[in-house]
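Here is what each chain is made of, one letter per residue.
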Amino acid sequence: MIIKQVRDLMGPNIWTNHCAIEAWVDLGKYEDFPSNTLPGFNQRLERWLPGLIEHRCSIGERGGFLKRLADGTWLGHILEHVTLELQSLSHLPVGFGRARETSERGVYKVAIECRDATFARRCLDAAHRLVMAAAEQREFDIQSELAELTEFASKVCLSPSAQAIVSAAEARGIPAIRLWSGDLVQLGYGSGQQRIGATETQQTGAVGQAISQDWVLTRSLLSTVGLPVVEGRKVKSKEDAWLAAVEIEGLVVVRTPSGNFGDQSSEPLTGQAEIEAAYERLHAQGNDVLVERYIPGKRYRVLVVGDRAVAASTPAAGERASVAPASAPSAANTPAPMLSATSTPLAIGSVTLASSATLESTSVDAAAPFHDVTERMHPDVAASCVLAAQTVGLDIAGVDLVTSDLALTLHASGGAILEVVARPSLREYMRPLSSRPRPVGEAVVEHLFGVEEAIDCTVAAVSGTAGKTNVVGLLSAMAGAASKRVGVADSHRLTIAGRTIGQGDQTHFDAARRVLTNPFVDTAILEVDESNVLDAGIAFGRCDVAIVTNLGQGDHLGRKYVEQLVTIRKAVRAPADVVVPSGYAVLNADDPEVITMDERCRGKLMYFSKRGISAPVRELVNKGGRAVVAVEDRVVYLDGGRTEELFTLQRFACPVLGLPPMLLENLLAATAGAIALGLPRNAIVQGLERALGNDGIALFERDKRMVLVTPSRSLIALGEWAAWLAKRFPSARRLALFEAPTDWRADDVASAENVLFSQFFSVGLVRSSAGNTPSDAVAAGRSTAPADLSTFETLDAALVDQISRLGPEDLLFVPPVSSDQYRRLVSQLVEFGFGRRKTGGLASVESCR
């Protein structure tokens with residue numbers, strides 16, 4: 001068994017709405033040897049990974065996967081489960097996986113959920129070695145492997161503190177984007193974003209951090225506001241340590257600054273020799289050393305978030321309060337209430353904790369050696385800690401204090417504040433000994449976004465086989481007319497508030513992320529190309545409006561292991577799967593495949609149709625749904641029992657090209673999307689007016705000879721344009737120039753040829769790297785050649801030849817295969833002396849394919 005290729009699906013994809021990796025696995029000879037035919041295989045697997053009994057698999061019950069093993073299953077499926085188990089044991093629980101056969105015998109696509117793709121790849125490699133060891137009857141050191149994976153996870157994955165906050169945000173529907181290899185994470189999109197660096201936020205002041213690192217200054221400020229602080233100072237030598245003890249008088253402790261609540265501290269000391277020895281021991285370890293008055297009592301750390309003391313912990317007896325292992329999170333927990341500075345309990349309710357199993361350390365078997373004491377904390381202590389954090393200038397802080405009784409005020413117990421720590425760890429509150437986890441990640445998210453639903457950047461995504469770019473252009477113009485700061489990524493450029501920051505095809509993952517991370521964007525409008533979804537997933541974990549233009553016969557079906565329409569359908573549907581409950585899936589009611597794409601959509605539905613009030617539209621509206629339809633020369637909005645005319649279509653017809661049905665469909669899709677976004681009606685009309693006349697479909701003319709370069713890459717668009725030109729120019733001699741995209745199947749090329757041969761007098765075919773040679777269908781008798789059929793090696797040669805055949809009143813139709821080729825063709829026609837003829841109406845709206 002070999003792994004041929006691994007893809008990082010960095011966002012929702014055709015498999016799952018979570019991040020995943022997709023491995024192409026060739027079983028080789030093991031295609032003929034399922035698990036029940038390999039001697040001792042199942043026993044070795046169960047001995048190394050006893051947790052596999054919890055995998056339910058397709059059977060849907062505990063032990064389901066082991067039953068599949070016993071009955072016989074293939075190594076690709078086993079590789080999926082072992083990779084999931086290794087991730088769960090060494091980092092965080094993950095549970096989704098799929099293994100599916102491809103058209104190549106013995107080759108499987110294996111999809112595996114992950115939190116971090118780099119770590120998941122490492123687990124996949126380990127799983128591959130483990131499975132092969134079991135198949136080849138070799139031993140495998142599972143403990144060493146898990147230790148290495150755990151260590152690797154601590155280096156490449158989010159820290160437990162950052163992960164706790166991210167998990168809490170995602171539970172509230174707030175998406176997260178990791179901005180760097182460390183803990184810098186963006187929560188939310190565009191103008192609604194907040195950034196964290198572990199427990200630092202963008203609200204954490206640099207001045208406050210600097211103050212917290214200077215204990216002398218911190219103690220002075222706390223004293224100024226009346227908070228009790230411990231007497232002491234930093235010392236520079238053993239002699240200075242003894243001098244500090246003399247200044248204090250009485251019992252002292254010699255310790256290091258706490259930072260991560262993991263300081264080393266001496267017992268109470270009085271003698272010079274023992275004080276100097278304590279200094280030497282700590283200083284030899286490279287630490288700063290403090291000498292402070294001994295205060296009887298226990299050491300506590302109170303976590304302050306915003307204006308609340310949300311949790312308190314203390315080291316377990318006999319345990320050093322330092323970085324230590326933690327166990328995997330429980331499935332569900334109900335945390336106790338957090339205390340505010342005013343002692344008013346905050347009702348949190350039931351929380352499922354999805355925090356890291358590797359809490360600042362890397363082991364997964366033991367709880368952190370801390371006890372949760374939040375409920376024992378006196379309200380005045382909580383208020384004092386909040387005041388301490390705010391006095392220093394930190395929005396999130398760990399306040400270290402010592403007191404004989406946390407249930408008393410600090411003054412009553414004789415307690416004092418030791419330090420105010422910036423960037424405190426959350427680990428001791430997430431898995432304390434003998435107690436329930438505290439919702440500390442939730443507290444940070446609430447601090448950043450408030451208790452109500454987060455105000456976030458609005459995201460609209462447009463997917464489908466054809467017309468996407470045109471819809472994006474219209475919708476962005478409407479949003480701009482509503483004074484939105486629009487970020488757009490489509491087939492020909494990336495723009496922020498009208499400023500172009502990227503040229504060429506921008507439908508890929510990285511371009512969309514550039515829009516979503518831009519803090520000036522309050523409305524993101526993204527074109528989603530299905531081929532990029534297959535390669536990397538979609539760049540957003542949630543969207544407010546998902547528009548699906550069409551599916552038809554699909555596209556990109558000539559890609560490796562993409563041979564069925566169902567695969568493309570899943571990629572086109574992906575944005576609709578992540579629509580928020582308050583959002584909309586805007587679907588083409590005229591495409592029978594598209595109107596069923598609400599199967600996993602949590603949002604509401606809106607249809608659009610160029611066929612008027614069709615049966616699907618009527619059914620939806622009768623249920624209280626919404627639709628935008630063309631009725632004769634009007635565009636009408638249907639909202640339950642209410643009907644509203646939005647505008648007439650007369651002005652959107654081009655004098656030369658008329659109003660092609662596919663452009664009308666794009667107009668309806670964009671209008672429905674604008675309504676779903678909540679844009680006002682006047683902005684929709686104003687946006688359409690702004691969009692017109694923006695150098696759209698390329699129509700050229702020279703000596704009454706016309707050349708039409710259209711954004712028609714897909715088979716569905718090609719067919720619609722061919723039929724429309726035949727209707728619009730019935731008496732003209734129509735010629736076509738065609739090069740098949742490289743990711744089309746031979747059958748797709750043959751279908752395109754049939755369309756062209758039936759509608760055009762002369763056809764020039766460019767040989768491509770698609771699965772056949774142009775005109776193979778003619779040779780095989782599957783197509784009838786037109787009156788004039790020519791083949792060419794290059795597009796340039798074909799263009800020169802076809803232009804030479806043009807006579808007066810003739811029309812040459814050229815559909816480019818890419819946005820780059822579109823621009824090149826336009827430039828070449830200008831060089832050949834053709835003048836760009838102004839198109840009007842919807843044909844004048846800028847688009848590329």
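Residues numbered from 1 in each chain as written. Predicted model: local features only at pLDDT ≥ 70, side-chain atom pairs only at ≥ 80, totals over all residues. Heavy atoms only, no water.

Another aspect to go through is the overall build of the chain. Tallying secondary structure elements over the chain gives 26 helices and 36 strands in all. Along the first, second and third principal axes, the C-alpha atoms of the chain reach 110 × 70 × 55 Å. The buried share of the chain, reckoned over its 849 residues, is 60%. Here the analysis covers contacts within the chain between residues at least 6 apart in sequence; of these, 70% occur between residues at least 24 apart. Separation of charge centres in the chain, based on 85 positive and 99 negative side chains, amounts to 4 Å. (Helix = DSSP H or I, 4+ residues; strand = E, 2+ residues; numbered from the N terminus. Buried < 20%, exposed > 50% of the residue type's maximum accessible area, 1.4 Å probe, protein only. Contact = heavy atoms within 4.5 Å. Lys, Arg positive; Asp, Glu negative; His and termini not counted. Charge placed at Lys NZ, Arg CZ, Asp CG, Glu CD.)

A few words now on the side chain of Thr 495. Assignment of secondary structure puts Thr 495 in strand E21 (residues 493-496). A relative accessible area of 13% places Thr 495 in the buried class. Filtering out sequence-adjacent residues up to four positions away, Thr 495 remains in contact with Val 486, Gly 487, Val 488 and Thr 500.

Bringing the pairing of strand E33 (residues 762-766) into the picture now. Consecutive side chains of a regular strand alternate in pointing toward one face of the sheet and then the other. E33 sits mainly inside the fold: 5 of its 5 residues count as buried. Across the two faces of E33 the burial is the same, with Ser 762, Gly 764 and Val 766 and Val 763 and Leu 765 all buried. Inspection of the sheet shows strand E32 (residues 734-739) paired to E33 by 5 bridges, in the parallel sense. Of the residues in E33, the one forming a bridge with Ala 736 is Val 763. (Pairing = 2+ DSSP bridges.)

Our focus in this paragraph is the sheet that holds strand E2 (residues 20-26). Strand order in the open sheet formed by 4 strands is E1-E2-E4-E3, with antiparallel pairing between adjacent strands. The outermost strands of the open sheet, each flanked by one partner alone, are strand E1 (2-9) and strand E3 (97-101). Here the strands of the sheet are splayed against their neighbours by 15° on average, with no regard to which way each runs. Pairing of E1 with E2 involves 7 bridges; the strand directions are antiparallel. By the bridge assignment, Ile 2 is partnered in E2 with Asp 26. Strand contacts of helix H3 (residues 75-90): E1, E2, E3 and strand E4 (107-113), with the helix running at about 20° to E4, the strand carrying the most contacts. The sheet contacts of helix H4 (residues 117-135) involve E1, E2 and E4, and relative to E1 the element is tilted by about 160°. (Axes fitted to C-alpha atoms, helices over the stretch in contact; angles between N-to-C directions.)

What follows covers the packing of aromatic side chains. A complete count under the given rule lists 5 aromatic pairs for this structure. An angle of 40° between the planes, with centres 5.9 Å apart, marks the rings of Phe 738 and Trp 744 as tilted. Side by side, Phe 738 and Trp 744 carry an identical accessibility label, which is buried. With centroids separated by 5.6 Å and ring planes inclined at 5°, the aromatic side chains of Phe 760 and Phe 813 adopt a geometry described as stacked. Separated by 53 residues along the polypeptide, Phe 760 in the loop between helix H23 (746-759) and E33 and Phe 813 in strand E35 (residues 811-814) bring together distant segments of the chain. The burial state of Phe 760 is the same as that of Phe 813; both residues are buried. Positioned over the ring face of Phe 652 is Arg 651, at 5.7 Å from the centre of the ring. (Phe/Tyr/Trp six-rings, centres within 6.5 Å; stacked < 30°, edge-to-face > 60°. Lys NZ or Arg CZ within 6 Å of the ring centre and 35° of its normal.)

Moving on, we come to helix H2 (residues 64-71). Inspection of H2 places Gly 64, Phe 65, Leu 66 and Leu 69 among the buried residues, and these make up the whole buried set. Contacts made by the buried residues of H2 are with helix H1 (41-48) and H3. Positive backbone phi, approximately 110°, marks Gly 72, located one or two places after H2.

In this section: the environment of Lys 238. Here Lys 238 lies in helix H9 (residues 238-248). In contact with Lys 238, not counting residues within four places along its chain, are Glu 276, Tyr 279 and Glu 280.

Here the structure, examined in full by the defined rule, presents 48 salt bridges. Here Arg 121 and Asp 8 are joined by a salt bridge, their closest N and O atoms 2.8 Å apart. Taken together, the positions of Arg 121 in helix H4 and Asp 8 in strand E1 put the pair 113 residues apart, joining distant regions of the chain. A cluster of three or more residues bridged by salt bridges with shared partners is formed by Arg 569, Arg 573, Asp 577, Glu 593 and Glu 599. (Salt bridge = Lys/Arg side-chain N within 4 Å of Asp/Glu carboxyl O.)

The set of residues buried in H1 consists of Phe 41, Asn 42, Arg 44, Leu 45 and Trp 48. End-on, the buried residues of H1 take up no more than an arc of 165°, which puts them together on one face. Among the structural elements, H2, H3, H4 and helix H5 (142-156) are those in contact with the buried residues of H1. (Arc of directions from axis to C-beta.)

This paragraph deals with a positive patch on the surface. Taken together, the side chains of Arg 98, Arg 100, Lys 570 and Arg 600 make up a positively charged region of the molecular surface. One can find Arg 100 in strand E3. (Patch = residues over 30% accessible without salt bridge, like charges linked within 9 Å, V, L, I, M, F, W, Y side chains within 5 Å. Areas by Shrake-Rupley, 256 points an atom, 1.4 Å probe, with all protein chains shown as cover.)

This brings us to the packing of helix H20 (residues 661-676) against helix H21 (residues 681-691). Where H20 meets H21, the closest approach of the two axes is 10 Å, and the angle between their N-to-C directions is 145°. Seen along the crossing, H20 lies across H21 with a hand that is right-handed. Residues Leu 667, Thr 671, Ala 674 and Ile 675 of H20 form the contact with H21, whose own contacting residues are Arg 681, Ile 684 and Leu 688. The residue makeup of the contact of H20 with H21, split by class, is 5 nonpolar, 1 polar and 1 charged. (Left-handed = near helix turned anticlockwise from the far one by under 90°. Nonpolar A, V, L, I, M, F, W, Y, C, P; charged D, E, K, R; others polar.)

Moving on, we get to the sheet that holds strand E26 (residues 604-609). Here 11 strands make up an open sheet; going across it, the order is E22-E21-E20-E23-E19-E24-E25-E26-E27-E28-E29 and the pairing mixed. Strand pairing shows two members of the sheet lacking a second neighbour, strand E22 (499-503) and strand E29 (642-648), which therefore form its edges. When strand polarity is set aside, the average angle formed by the axes of neighbouring strands in this sheet is 15°. Of the pairings in the sheet, the one linking strand E19 (residues 458-463) to strand E23 (residues 523-527) comprises 5 bridges and is parallel in character.

This part is about unusual backbone geometry. Residue Ala 198 is not a glycine yet carries a positive backbone phi of 60°. Summarising the element assignment, Ala 198 is placed in the loop between strand E7 (194-197) and strand E8 (200-201).

So, to be careful, I would describe these as geometric facts and stop short of saying anything about function.
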